[in-house]
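Structure at a glance
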Amino acid sequence: MSSQSVSVAGRTLKVSNLDKVLYPATGTTKGEVLNYYVTHADQILPELRDRPVTRIRFPEGVAANSFFEKNLPPGAPSWLPRVTVPTPGSSRGRDTLTFPLVPDLAALVYLVNLGSLELHVPQWRVDDDGNPLPPDRLVVDLDPGPGAGLEECARVALLVRERLAAVGLETRPVTSGSKGMQLYAPLEGIRTSDEVSAVAKSLAERLEEDHPSLITSRMTKALRPGKIFLDWSQNNAAKTTICPWSLRGRERPQVALPRTWDEVEAAAEGEEPLTQRTIDEV
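Residues numbered from 1 in each chain as written. Predicted model: local features only at pLDDT ≥ 70, side-chain atom pairs only at ≥ 80, totals over all residues. Heavy atoms only, no water.

**Some thoughts on the overall build of the protein chain**
- Check the secondary structure of the protein chain and you find six helices and 16 strands.
- Along the three orthogonal principal directions, the C-alpha set of the protein chain runs to about 55 × 40 × 30 Å.
- Taking all 282 residues of the protein chain together, 51% fall into the buried category.
- Considering only intrachain contacts with a sequence separation of at least 6, the fraction spanning at least 24 residues in the protein chain is 66%.
- If you average the places of the 32 positive and of the 37 negative side-chain charges in the protein chain, the two averages end up 6 Å apart. (Helix = DSSP H or I, 4+ residues; strand = E, 2+ residues; numbered from the N terminus. Buried < 20%, exposed > 50% of the residue type's maximum accessible area, 1.4 Å probe, protein only. Contact = heavy atoms within 4.5 Å. Lys, Arg positive; Asp, Glu negative; His and termini not counted. Charge placed at Lys NZ, Arg CZ, Asp CG, Glu CD.)

As structure tokens, then:
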């Protein structure tokens, strides 16, 4: 295994196998992935700050096996920040899990060097003592069913924006790097995750009532062809969404990319297609 030492944010890190191809379809190497994250650290670090980070690791690339990793990686250096938080309803029966935090470039490079292509975070942060805070944002996940795509997502995004604006919430769109889109609305951090989930569920159900041919609020796959599933459940405290600016472990190195409303409006009107963007396009 070829490796080299690099100095990152005051830390000396070993990075390895920089020539390994992680995305065979485009020939994108591990070195190019690391370069993307370093180049865009100013964008992604504020999104990650104070949020426990779940990773999807692709140590041999996207054509090979991957795995979710919530807990601190084995052998993690002592300087890597971490937080132990309750995990109610854990599928493995754990009461708590210790997650890494990513406050700086050194922590980011360390995790990406382990093959962590995807970085997922909850809608809440932790305080200085490591205690979970109320969610500081609401998320609506727009998931296109068979026969639907980003044009339909864009049309639905405008409907969601209008409804949330009516209650004083501004939204920002992010194409997911996979199939759909997320919409984020910042919150004051005074409502519980259950309360935010209830608001998101009500929003999804009302939009389904008003636009039944375009929207479903239910996960049932038989209801989804040609429609956009408004997944309100991502506001559950135990759930995570892909972090804006994170890569995705898809065939191509696509990015969960913040977009402008001008782009979304143009796509909804059929003027300019909205596409998932790769690291080269970003």
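**A word on the layout of surface pockets**
- The volume enclosed by the second largest pocket comes to roughly 440 Å³.
- What lines the second largest pocket is a set of 21 residues, and nearest its centre among them are His120, Asp141, Gln182, Gln234 and Arg248.
- Contributing elements (two or more residues each) for the lining of the second largest pocket: β5 (54-57), β9 (116-121), β10 (137-144), β12 (181-186) and β15 (241-242).
- A total of three residues in the lining of the second largest pocket trace back to one element, the largest contributor, which is β10.
- Taken together, the residues of the lining of the second largest pocket break down into five nonpolar, nine polar and seven charged. (1 Å grid on protein atoms, 1.4 Å probe; cavity = no way out; pocket = protein on both sides within 12 Å on 5 of 7 lines; lining within 4 Å. Points joined across faces, edges and corners; volume = space filled by probe spheres on them. Nonpolar A, V, L, I, M, F, W, Y, C, P; charged D, E, K, R; others polar.)

**Description of the sheet that holds β10**
- Judged by pairing direction, the sheet is mixed, and its six strands sit side by side in the order β13-β14-β10-β12-β11-β16 without closing on themselves. The strands lining the two open edges of the sheet, one partner per strand, are β13 (215-216) and β16 (257-258).
- Across two bridges, strand β11 (residues 172-175) lies against β16 in antiparallel orientation. What sits directly across from threonine 175, in β16, is leucine 257. (Pairing = 2+ DSSP bridges.)

**A few points about the domain arrangement of the protein chain**
- As far as domains go, the protein chain holds domain 1 (14-133) and domain 2 (134-238 + 254-269).
- Using only C-alpha atoms to locate each centre, domain 1 and domain 2 end up separated by 25 Å.
- Taken residue by residue, the interface counts 10 residues in domain 1 and 12 residues in domain 2.
- With both chains or domains summed, domain 1 and domain 2 bury close to 940 Å², and 39% of this area falls on carbon and sulfur atoms.
- The tally of links from domain 1 across to domain 2 stands at four salt bridges. (Domains from an automatic or database assignment. Buried area = accessible area lost by both parts, 1.4 Å probe. Salt bridge = Lys/Arg side-chain N within 4 Å of Asp/Glu carboxyl O.)

**Some words on the nonpolar core**
- If you look at the biggest cluster of nonpolar residues, it comprises 37 residues, and the most contacted ones within it are Val33, Tyr37, Ile44, Leu48, Val102, Leu108 and Leu247.
- Every element with two or more residues in this core is listed here: β2 (11-16), β3 (21-23), α1 (30-39), α2 (41-48), α3 (105-113) and β9.
- For this core, the element with the most residues is α3, which contributes seven residues.
- If we ignore the near neighbours within four places in the chain, the residues touching valine 102 are Leu45, Leu48, Arg49, Val53, Ala107, Leu108 and Leu111.
- If you look at the next biggest cluster of nonpolar residues, it comprises 30 residues, including Leu142, Leu159, Leu169 and Leu214. (Core = buried A, V, L, I, M, F, W, Y, C linked by side-chain atoms within 4.5 Å.)

**Structural notes on the pattern of salt bridges**
- The tally for this structure, following the rule as stated, stands at 15 salt bridges.
- The partner of arginine 51 in a salt bridge is aspartate 136, and the shortest N-O contact between them spans 3.1 Å. Placement of the pair is arginine 51 in the loop between α2 and β5 and aspartate 136 in the loop between β9 and β10, with a sequence separation of 85 residues.
- For aspartate 136, a relative accessible area of 22% translates into the label partly exposed.
- Ionic pairing is found between arginine 163 and aspartate 210, a salt bridge with its closest N-O pair at 2.4 Å. Pair noted here: arginine 163 is in helix α4 (residues 150-165) and aspartate 210 is in helix α5 (residues 193-210), with a separation of 47 residues, a long-range link.
- Here the salt bridges do not stand alone but share partners, grouping Glu47, Arg137 and Arg172 into one network.

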